[in-house]
Amino acid sequence: MGVRGLKTYIESSKRNYLRSWAFRDNRLIIDGCNLYYTLYFDCNLDQRHGGDYDAFEEMIKGFFENLRACDIHPYVVLDGGSDHTDKKWDTIIERKQDKINAALAMSEGRKAKVLPILIKDVFRQLLHKLKVPLVQCLEEADWEIAALAKEWCCPVLSNDSDFYIFNLEAGFLPITHFQWDNVEVDRRTNKKFIHAKHFTVRKFCETFNMNANLLPVFASILGNDYVKLQNIKNLSWSDFSVPETDHPHIDGLLEWLSRFTCPEAISALLKLTDDKEKPLVQEALSKGIQEYELTSGYLAQFFHSETIPPTAFTSPLQVLPEWTLRLLLGGKMCSSIIDVLVHHRVFLISQVEDFQLPCSSEASRPIRQVIYGLLFLGEKQAAGKQALTIKTFTGTRKCYVKEYGRQQSEINCQTFEAIQTRVMEGLQLETLQKEPHSVRLQVLLDALGVSLEMLRGIKPVLQLQLLVTHYWLVNAQPPPSKVHLWGLLLGMVYGEFSSTSQTQRDMLFRLKKPQTGQRRIYLEHETAHLYSQWQSCLKWSLCLNHLLFSPVPEPEAARLYRGTLVHQVVGELRRGITLDSLLVRGSSTEQLFKQLKDAVVSLVGKNFIKNMRTGLEHRAAGRTQRDYNGQNQPIDELSSYFEHLMCEDIDDDDDDLNENRRKCKAKDHKTEIPDIYIRTRHKAKARNADHPSKKYERRCFELPLKDL
């Protein structure tokens, strides 16, 4: 949600709507998604290379440590699935296209904001580790946050402008003005506090001598994610504004509304509307007012006793078993499964990648198809429940999910079948968590193309990340090179030691710090695309592992990928730096790297590694690559020539692809999104006869979903 232009108006107004507050010793309801979104961008963390999750984790740790120091008791609320009524569908599609455009802009060296794909996973994992109370809503969180703040009479921390409309007695604290990183001490009481800006509806309305009940009408006229009154909001409200205001349209509308009570204002608005439009306007205003009416929500009970709300057992959310609801509400399961079950769709996250290649999420689609198959295991039984409105595909006895991704720079929709593997026969979603560990593990291994024998010998704490790496090596397109694999593994090693001091890390690694500031840092598109594929595979493997009740331990996502470092390692290796020279001989980092390398070799086979591209050939003489300013820079000829001599197995097809790659310009969003129905099977792309997938028959994808 969000009211257009309201945040800027309030924060820049000369009327002083925001009052200073030395905030301490209080409960605080935190809009979790808004918090990690705002802080990640405000703290200028990496976006171009897929994210620096360890730096983000340290920042979030500091945030909650400072709250604790000021006796502030946080309660974090995350968004869940889309609203089951789909009343903001147009806004969802518009924002999806905006995110695609932003990722494209950043890949071309232009400024934009792109949130790394694993941020929510890192955030929720860290909050569980810090024991911060957390609830993930079943749908969007704004209304539930406001209802809880009203019930507990404590403020909300967010940047969402809808909280300027909800009538909360304890008020609203914009994150932008919440100086969490600057804890001060009150000299009189010797107690710590955080400087904040405080907003209350009561004081805001006193400025205009206006009834607070008119604010939802005001929000509806300006337009939010649910209500768009085109025929009203374009009237010249600025005629009613006070002189010399920066936002006369908003100020004038407030001045005009202050003349009326709520019913009188609606009547006056209808008089300004064409007769044909009056019924639609009246209905829209009514819905807009209802969006801000607060009653008791379910968050308080779940925070107190993990009580599942009764609404979760009514249409259409009744398709979710109780055990999945508990994990979802506790923030221990991916919220995307709600959209899959309720809407039969999923929105794929846009990343910085090569926009001339297929979307990076293509690589992880077979994993998602297994997730869909698990989620629809019990749909035949669920379909008999009273008042269920879930969509079905009659006549085919198959279930499909629409995936909203991209085709070059345009949003597109493709429909894929839910896949049931042999080992899934006879399983039910309702009782999936009670199945033997061996059964649940086999479903995961089948999805990732690994046999149980191949898993043996790998430490449990390393299993999922290495299974994902195996899957990525076999399925990524274009095929990863050795430098990409070594860079990824070295990033995992660095992450494992990220909790040590910087001095100790500098003694264990021989990597220079990434060049920043005025120095240009290159973004190589193939590398970005490959690592985006790996992150997508990890994200959906985490989701599958959760749905299977964690047959393998969940790794800490923040330890597995540091974008600036892995891109730097690839660059170093391509310049001729040897892998051994990047690690201190005999150190614990070298030992861990060897352990990871040996595990990968055991999964894919020595011949697979031997036959991989070196990765050096990509920078052959005469090549150029684009820097962050979108300009082409010549590569050092001697370095390129040296790397060219070292290259033993140039992939001509891949070289041609890179030579013909060109800029992809974002186009205007088209309202019609084509539906493409596709039946896919997951096949391991073995590159030699000794590849383990040749020995291990992938029988798990031979069966379609049966008779649900």
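What counts, and where the lines are drawn
- Residues numbered from 1 in each chain as written.
- Predicted model: local features only at pLDDT ≥ 70, side-chain atom pairs only at ≥ 80, totals over all residues.
- Heavy atoms only, no water.
- Helix = DSSP H or I, 4+ residues; strand = E, 2+ residues; numbered from the N terminus.
- Contact = heavy atoms within 4.5 Å.
- Areas by Shrake-Rupley, 256 points an atom, 1.4 Å probe, with all protein chains shown as cover.
- Core = buried A, V, L, I, M, F, W, Y, C linked by side-chain atoms within 4.5 Å.
- Buried < 20%, exposed > 50% of the residue type's maximum accessible area, 1.4 Å probe, protein only.
- Pairing = 2+ DSSP bridges.
- Axes fitted to C-alpha atoms, helices over the stretch in contact; angles between N-to-C directions.
- Expected span 1.5 Å × (residues − 1).
- Polar contact = N/O pair within 3.5 Å; in protein donor to acceptor, adjacent residues only side chain to side chain.
- Salt bridge = Lys/Arg side-chain N within 4 Å of Asp/Glu carboxyl O.
- Arc of directions from axis to C-beta.
- Phe/Tyr/Trp six-rings, centres within 6.5 Å; stacked < 30°, edge-to-face > 60°.
- Parallel < 35°, antiparallel > 145°, perpendicular 65-115°, else oblique.
- Left-handed = near helix turned anticlockwise from the far one by under 90°.
- Nonpolar A, V, L, I, M, F, W, Y, C, P; charged D, E, K, R; others polar.
- Disulfide = S-S within 2.5 Å.

Trainee: Can you help me understand the overall build of the chain in this one?
Mentor: If you tally the helices and strands in the chain, you get 29 helices and 14 strands. Of all intrachain contacts in the chain linking residues separated by at least 6 positions in sequence, the fraction that spans at least 24 positions is 77%. On the chain, roughly 30,800 Å² of surface is accessible, and the fraction owed to carbon and sulfur atoms is 48%.

Trainee: Where do I start with the nonpolar core in this structure?
Mentor: Where a protein is soluble and globular, its nonpolar side chains tend to be buried together. Core analysis: the biggest nonpolar cluster contains 200 residues, and Ile29, Phe56, Phe63, Phe64, Phe178, Phe204 and Phe218 have the highest contact counts within it. When residues in this core are grouped by element, the largest group, 10 residues, is from helix α23 (residues 525-547). Ignoring any residue separated from it by four or fewer positions in sequence, one finds Phe63 in contact with Ile30, Leu35, Leu39, Leu157, Phe178 and Trp180. Core analysis: the second largest hydrophobic core is formed by 16 residues, Ile92, Leu104, Phe347 and Phe355 among them.

Trainee: Before we go on, may I ask you to explain the sheet that holds strand β4 (residues 134-136) in this structure?
Mentor: Within a beta sheet, neighbouring strands are joined by backbone hydrogen bonds and run either parallel or antiparallel to one another. Reading across the sheet, the 5 strands line up as β4-β3-β2-β5-β6 and stay open at both edges, with parallel pairing between neighbours. A strand with exactly one partner marks an edge of an open sheet, and here the two such strands are β4 and β6 (172-174). Going from strand to strand, the sheet's axes swing by 25° on average, the running direction of each strand aside. Across 3 bridges, strand β3 (residues 72-78) lies against β4 in parallel orientation. For Val77, the partnering residue across the bridge sits in β4 and is Val135. Lying over the sheet, helix α5 (residues 119-130) contacts β3 and β4, oriented at roughly 140° with respect to β3.

Trainee: Hey, could you run me through α23 in this one?
Mentor: Along an α-helix, a turn takes 3.6 residues, which lines up residues three or four apart on a common side. In this model α23 runs 33 Å from its N-terminal to its C-terminal C-alpha over 23 residues, within 8% of the 33 Å that 1.5 Å per residue would give. Among the 23 residues that make up α23, 23 are buried, leaving the element largely enclosed by the rest of the structure. N-cap assignment for α23: the residue whose side-chain oxygen lies 3.1 Å from the backbone N of Glu526 is Glu524.

Trainee: Whenever I open this one, the pattern of salt bridges confuses me. Can you help?
Mentor: Two side chains with opposite charge may pair up if their charged atoms get near one another. All chains considered together, the criterion is met by 31 salt bridges. For Asp186, the salt bridge goes to Arg188, with nearest N and O atoms at 3.7 Å. We classify Arg188 as exposed; its relative accessible area is 77%. Taken together, the salt bridges that share partners define one network made up of Glu57, Lys129, Glu556 and Arg559.

Trainee: How do you make sense of helix α12 (residues 278-291) when you look at a structure like this?
Mentor: Between its terminal C-alpha atoms α12 stretches 20 Å, which fits the 20 Å expected from 14 residues at 1.5 Å a residue. Of the positions making up α12, those classed as buried are Val281, Ala284, Leu285, Gly288, Ile289 and Glu291. Down the axis of α12, the buried set is contained in an arc of 150°. They therefore lie on one face.

Trainee: When you look at the packing of aromatic side chains in this model, what are you seeing that I'm missing?
Mentor: The geometry of an aromatic ring pair is captured by two quantities: the separation of the ring centres and the angle between the planes. Scanning all chains against the criterion turns up 34 aromatic pairs. Judged by centre distance (6.2 Å) and plane angle (50°), the ring pair of Phe63 and Phe178 falls under tilted. Of this pair, Phe63 sits in helix α3 (residues 53-69) while Phe178 sits in the loop between β6 and β7 (184-185), and the two are 115 residues apart along the sequence. According to the relative accessible area criterion, Phe178 is buried, its value standing at 4%. Through a chain of ring-to-ring contacts, the aromatic side chains of Tyr9, Tyr17, Phe163, Tyr164, Phe166, Phe172, Phe199, Phe204, Phe208 and Tyr292 assemble into a single cluster.

Trainee: Looking at this structure, how should I read the pairing of β3?
Mentor: In summary, the side chains of a regular strand alternate between the two faces of the sheet. For β3, the tally of buried residues reaches 6 of 7 residues, placing the bulk of the element in the interior. Relative to β3, strand β2 (residues 26-31) is paired through 6 bridges, and the arrangement is parallel. Bridge pairing in β3 places Arg27 opposite His73.

Trainee: Would you mind showing me how to read the environment of Val217 here?
Mentor: Within the secondary structure, Val217 sits in helix α8 (residues 215-222). Apart from residues lying up to four places away in sequence, Val217 is in contact with Leu257, Cys262, Leu269, Leu285 and Ile289.

Trainee: Can you walk me through unusual backbone geometry in this structure?
Mentor: Glycine aside, negative phi is the norm for most residues, and most peptide bonds take the trans geometry. Gln477 connects to Pro478 through a cis peptide bond whose omega is 0°. On the secondary structure map, Pro478 appears in the loop between α20 (460-475) and α21 (482-496). With a phi angle near 55°, Asn44 is a residue other than glycine that sits in the positive phi range. Structurally, Asn44 can be placed in the loop between α2 (32-42) and α3. On the basis of relative accessible area, Asn44 is assigned to the exposed category, the value being 66%. With a phi close to 55°, His344 is a non-glycine residue in the positive phi region. Position of His344 relative to the elements: it lies in the loop between α15 (336-343) and β9 (345-347).

Trainee: For this particular structure, what's the right way to read the packing of α8 against α12?
Mentor: One way to put it is that α8 packs onto α12 with a least axis distance of 8 Å and a crossing angle of 125°. The orientation of α8 with respect to α12, classified from their angle, is oblique. Along this stretch, α8 crosses α12, giving a crossing that reads as right-handed. In this structure, α8 uses Pro216, Val217 and Ser220 to contact α12, whose residues at the interface are Leu285, Gly288 and Ile289. The class makeup of the residues in the contact of α8 with α12 is 4 nonpolar, 2 polar and no charged.

Trainee: Whenever I open this one, the sheet that holds strand β8 (residues 192-198) confuses me. Can you help?
Mentor: Within the open sheet, the 3 strands sit side by side as β1-β8-β7. Their pairing is antiparallel. Strands at the two margins of the open sheet, each flanked by one partner only, are β1 (19-23) and β7.

Trainee: Hey, could you run me through the state of the cysteines in this one?
Mentor: One way to say it: the disulfide is the covalent bond shared by the sulfur atoms of two cysteines. This model, assessed by the stated rule, comprises 0 disulfides. Here Cys543 is not disulfide-linked; the sulfur of Cys334 is the nearest cysteine sulfur, at 3.9 Å. With a relative accessible area of 1%, Cys543 lands in the buried category.

Trainee: It is not clear to me how the pairing of β2 should be interpreted in this structure. Could you clarify?
Mentor: Bridge count for β2 against strand β5 (residues 156-158) is 2 bridges, and the pairing is parallel. Within β5, the residue paired with Ile30 across the bridge is Leu157.

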